[in-house]
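# Residue-level structural notes
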Amino acid sequence: MGKSKKPHQNISKGVDQTGDWRLPTETTKLSEPCDRHDLYQKAVQSPAGDISYMLRFFRQYVGLQVPLHLREDFSGTSFICATWCKADVRRTALGIDIDREALAWGWRHNGQALLGQPENQMCLVQANVLQNLATYPDAGQIVADQLLTPAQQEQLEQHILRPADVICALNFSVFLLSSRQKVVEYFRLARAAMSAEDGGIFLLDMLGGHAAESVVKLHRQNEISGLSYLWEQARYDPVKRQLTCHISLKDPQSRQVLKHAFTYHWKIWTIPEVLELLHEAGFKEVHVWMRCMIGTEQELGDSPTNRQGDIENEFEIYDDIKNDSRLLARLSKGWTAYLVAVLHARTG
């Protein structure tokens, strides 16, 4: 099974690991502009790992039927959508994001890389995830880089209205929703967009522990591409549980650095809070899968020879580890988690 590499997932407590990075000052001008979306995809993302877990969870909790339609919320450049579609021509995907510029980049670079006509498999929509896309075209606007024929428009609209087998909100995107009202409303809309006939899963990820609540600056490397990025947790408010983070990217050829190429303002929800809101939204079955953040094991006295460097461990279901006091101690230092909300197929 492929490893899942997530943005900002490798966070060590209180250690500056910026290495040979030399960030430009605010007035530094680059000789040629770097493509921040391309660098982000290559340095930060590894969608194949996420998809391998989606398929595993779907088989385990829903059944043996093959999931074909994916909805990626907070999709940005919709790299996960494109990777999903590339693996099987029967698959379709819908990417939703509020950032039209990121979606347009994704359609040009990721959508156009699909075999055949991209509209046969993938549709990208500029919309707020708190909008009900069942009311399209009142909610949302299709993003494409060419004028669409009526046939192309109809094909793309089918992707919008098709019930999803899998919905994902990854890269810790639930932290972008700052109130309980917004979170539960989003969860309700996600549940309504799933296939009630065949069932499906709603997958989101979270992070927590001491490492997630610290001010740090860390140089991380993508184990798949070998490219690196600088992850900075710049400000944390422990009362409001608000975290401001930045990603800086470096072009491996020109050595140019894009300082604060991406900035995030997060509300750090806890797992119990999110479980409660999922249940309130109508999800009766939710499973929690966890793993330790890289860099936290050594602080607890583990031998360095037992560590795996930047190779991440597999996620383990919480029910299997909740009585392991040593592992729970490691998790308290820092963890990442998948929450898998299950909608079972309608019976009778």
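Scope of this entry: the structure provided in the associated data block. (Residues numbered from 1 in each chain as written. Predicted model: local features only at pLDDT ≥ 70, side-chain atom pairs only at ≥ 80, totals over all residues. Heavy atoms only, no water.)

### Side note on the overall build of the protein
For the protein, the count of helices and strands is 9 helices and 13 strands. Across the 348 residues that make up the protein, the buried fraction comes to 55%. Here the contacts in the protein between residues at least 6 apart in sequence split such that 73% fall between residues at least 24 apart. (Helix = DSSP H or I, 4+ residues; strand = E, 2+ residues; numbered from the N terminus. Buried < 20%, exposed > 50% of the residue type's maximum accessible area, 1.4 Å probe, protein only. Contact = heavy atoms within 4.5 Å.)

### Observations concerning the sheet that holds strand β13 (residues 335–343)
Taken together, the 9 strands give an open sheet; going across it, the order is β4-β3-β2-β1-β5-β6-β13-β11-β12, and neighbouring strands pair in mixed fashion. The open sheet has two edge strands, β4 (141–142) and β12 (316–317), and neither has a second partner. As paired elements, strand β2 (residues 92–97) and strand β3 (residues 122–126) share 5 bridges and run parallel to each other. By the bridge assignment for β3, D97 is matched with Q126. Strand contacts of helix α9 (residues 325–333): β11 (285–292), β12 and β13, with the helix running at about 80° to β11, the strand carrying the most contacts. (Pairing = 2+ DSSP bridges. Axes fitted to C-alpha atoms, helices over the stretch in contact; angles between N-to-C directions.)

### Things to note about the packing of aromatic side chains
Taken as a whole and assessed by the stated rule, the structure comprises 18 aromatic pairs. Clustering of aromatic rings is evident, with ring pairs tying together Y53, F57, Y61, W289, F315 and Y338. When the ring centre of W84 is taken as reference, the NZ or CZ atom of R91 above it lies at 4.3 Å. Here the guanidinium or amino end of K267 rests over the ring plane of W269, the centre of that ring lying 4.0 Å away. (Phe/Tyr/Trp six-rings, centres within 6.5 Å; stacked < 30°, edge-to-face > 60°. Lys NZ or Arg CZ within 6 Å of the ring centre and 35° of its normal.)

### Some words on helix α5 (residues 150–161)
Compared with an ideal rise of 1.5 Å per residue, which puts 12 residues at 16 Å, α5 spans 17 Å between its outermost C-alpha atoms and is within 8% of the ideal. Contacts made by the buried residues of α5 are with β1 (69–73), β2, α4 (100–111), β3 and β4. (Expected span 1.5 Å × (residues − 1).)

### Focus: helix α3 (residues 79–86)
Burial analysis of α3 places 6 of its 8 residues in the buried class, which makes it a mostly covered element. Turning to α3, its buried residues are F79, I80, C81, A82, W84 and C85.

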